[in-house]
Amino acid sequence: MFLNRIAAAAALVLAAHGVCAQEAPAVPPDAATVAATVAATESPFAFHGQATYIWQRKPAFNAAYSGENSLTDARAKSYSFTSTLDLGLRLWQGAEFHFNPEVAQGVPFSNLHGLGGLSNGELAKTASTSPKFYRARAFVRQTWGFGGGEETLEEDFNQFARTVDKQRLVLTAGNFGVIDVFDQNPYGSDPRTQFMNWSFLAHGSFDYPADSRGYDWGFALEYVGDGWSARYGRFLLPLESNGRELDTRMFDHYGDVLELEKRYSIAGRPGQARLLLWRNKARMGSFTDALAYGQANNVTPDVGDVRREHAKVGVGVAFLQEVNDSLGVFLRANWSDDKTETYAFTEIGRQVAFGGTLKGNAWGRGKDEVGVAFAANMLGPHHRAYLAAGGLGAFLGDGALRYGSEQVLEVYYSFAVWKTLTLSPDFQYIRNPGYNRDRGPAKFYGIRAHAEF
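Cut-off values and rules
Residues numbered from 1 in each chain as written. Predicted model: local features only at pLDDT ≥ 70, side-chain atom pairs only at ≥ 80, totals over all residues. Heavy atoms only, no water. UniProt positions renumbered as here; feature names shortened; annotations may be inferred. Buried < 20%, exposed > 50% of the residue type's maximum accessible area, 1.4 Å probe, protein only. Helix = DSSP H or I, 4+ residues; strand = E, 2+ residues; numbered from the N terminus. Arc of directions from axis to C-beta. Contact = heavy atoms within 4.5 Å. Core = buried A, V, L, I, M, F, W, Y, C linked by side-chain atoms within 4.5 Å. Phe/Tyr/Trp six-rings, centres within 6.5 Å; stacked < 30°, edge-to-face > 60°. Lys NZ or Arg CZ within 6 Å of the ring centre and 35° of its normal. Polar contact = N/O pair within 3.5 Å; in protein donor to acceptor, adjacent residues only side chain to side chain. Patch = residues over 30% accessible without salt bridge, like charges linked within 9 Å, V, L, I, M, F, W, Y side chains within 5 Å. Areas by Shrake-Rupley, 256 points an atom, 1.4 Å probe, with all protein chains shown as cover. Salt bridge = Lys/Arg side-chain N within 4 Å of Asp/Glu carboxyl O.

- Per an unreviewed UniProt entry, the protein goes by the name Carbohydrate porin and belongs to Cupriavidus pauculus.
- Regarding the protein, the UniProt comment filed under Sequence similarities (unreviewed entry) reads as follows: "Belongs to the OprB family."

## Overview of helix α3 (residues 287-297)
- Along α3, the positions that sit buried rather than exposed are Phe287, Ala290, Leu291 and Gly294. Buried residues in α3, looked at end-on, bunch into an arc of 100°, giving them a common side.
- Each element contacted by the buried residues of α3 is listed here: β13 (269-285) and α4 (381-388).
- Asn298 occupies a position one or two residues after α3 and carries a positive phi of about 55°.

## As for the nonpolar core
- Of all hydrophobic cores here, the largest spans 40 residues; its most connected members are Phe182, Phe200, Phe206 and Tyr208.
- Mapped by element, the contributors of at least two residues to this core are β13, β17 (365-378), β18 (406-418) and β20 (442-452).
- Discounting chain neighbours no more than four positions away, the residues touching Phe182 are Ala220, Arg231, Tyr232, Gly233, Phe235, Val257, Glu259 and Leu276.
- Formed by eleven residues, the second largest nonpolar core is a distinct cluster that contains Val303, Val306, Leu379 and Tyr386.

## Focus on the packing of aromatic side chains
- Inspection of every chain in the model, using the stated rule, returns 23 aromatic pairs.
- Judged by centre distance (4.5 Å) and plane angle (50°), the rings of Tyr413 and Phe415 are tilted.
- Since its relative accessible area comes to 36%, Phe415 is described here as partly exposed.
- By way of ring pairs, the aromatic residues Trp198, Phe206, Tyr208, Trp278, Phe345 and Phe395 are connected into one cluster.
- Over the ring of Tyr254 we find Arg234; its NZ or CZ atom is 3.8 Å from the centre of that ring.
- Residue placement shows Arg384 over the ring face of Tyr403; its charged tip is 4.1 Å from the ring centre.

## Quick notes on the side chain of Asp207
- With respect to the helices, strands and loops of the structure, Asp207 is situated in the loop between β7 (168-176) and β8 (216-224).
- Owing to a relative accessible area of 1%, Asp207 belongs among the buried residues under this scheme.
- For Asp207, the side chain forms a polar contact with the main-chain nitrogen of Tyr343, separated by 2.7 Å.
- Side-chain polar atoms of Asp207 contact the backbone nitrogen of Ala344, separated by 2.8 Å.

## Some points on a nonpolar patch on the surface
- A surface patch of nonpolar side chains, about 750 Å² in accessible area, is lined by Tyr232, Leu258, Leu260, Leu275, Leu277, Val317, Phe319, Leu331, Val352 and Phe354.
- The set of elements that each furnish at least two residues to the nonpolar patch consists of β12 (254-266), β13, β14 (307-322) and β16 (350-360).
- With respect to the helices, strands and loops of the structure, Leu331 is situated in strand β15 (residues 327-336).

## Digging into unusual backbone geometry
- In the segment running from Gly440 into Pro441, the intervening peptide bond is cis, with an omega of 5°.
- With respect to the helices and strands, the residue Pro441 is situated in the loop between β19 (421-431) and β20.
- The phi dihedral of Asn158 falls on the positive side, at around 60°, and the residue is not glycine.
- With respect to the secondary-structure elements, Asn158 resides in the loop between β5 (150-153) and β6 (162-165).
- What makes Asn158 buried here is its relative accessible area of 9%.

## Overview of the pattern of salt bridges
- One pass over the structure, following the stated rule, counts 23 salt bridges.
- Taking the shortest distance from any N to any O, the salt bridge between Glu151 and Arg168 comes out at 2.9 Å. Here Arg168 lies in strand β7 and Glu151 lies in strand β5, a separation of 17 residues in the sequence.
- With relative accessibility at 31%, the residue Glu151 sits in the partly exposed group.

The structure is reproduced here in structure tokens:
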């Protein structure tokens, strides 16, 4: 095969210089020959990098009371820094490998407590003032084509430029993020370039499997068809709620994710409708069990006292629509049973979120972008009762609760300073922080610097 590609490349070079056999006229190379030649000259390696710094300030706000896991009502500041490399390698036909070393450090507000929609998606649950180096991703992606025409995938972080069949099967396996594959939203889910609040990273109630840094081990199998796609994955869960160590007993404790996608067009503009179904199985504490235990023993309820085998389920629907060459919008609505403790993401039981991003073409700044989004985060009745009785969750616990939906508004403007650098002022307004009408509203002012190559 290698010699054939060399011969094909040589033939093209000779043809380009007008060298041909006297017996026969020059014949243009066929498509297979051109493809083989291009493949022979493509680099087998990929190298990308990014660095993101986020600084935020929160003014003081009114609070009738505070608890152990409350967002501080005093003035405070926070920052985060992450830097990631993508080291890619082409393997055999249709296969590629990516390795992502990453470093992170930061200081969260209130030790990452007091909100369902936390203000900075770059702050991991293990944030530290000292830089922490770790492996973020190490995965293989294999693509099998089934025809139906071709489309070109552009080079990007963790993706080689390549031509693929429109109908194809894609397997991703190893160490990566669940939301690298599922619940993708091009109009707002990347906290390094778009909305920062956790409410917009994914479906808010999607307790997606991950370690405390947001990454996981597992596999995802995706079929891309003619106008539709289907994805299924199974992933490890942490050994304990929001822990770093993962439970490797994949057939005992696991997270299953299924997503169905339909692509369509409205007025000639592409759109997508998606249905997401998920189920986590692990040793978790039930809110009703904790309440019953607390009443029987005259103690504050604690889900840590009543952990046993449970399954947690949820569903989400999403609509993504391109309006014109500059504007794209999204709508998400999602629900979980919210009967057991949050295990891997954040304390949101139900949610409606919508928003969009607008490129600056209309004012002569085509690489700039403005984003506006709103989310209404809610809790199930069992979760509310647990917090009202003084229980503590992974992120919440004011000692009491006068329940109200947590409402998040975020606005940012991204300035393209240079071709690889953007600066983004950001503002977030959160009403009823921690679902508590006795506290807030809380406001967050921030600036983000993002560079990539």
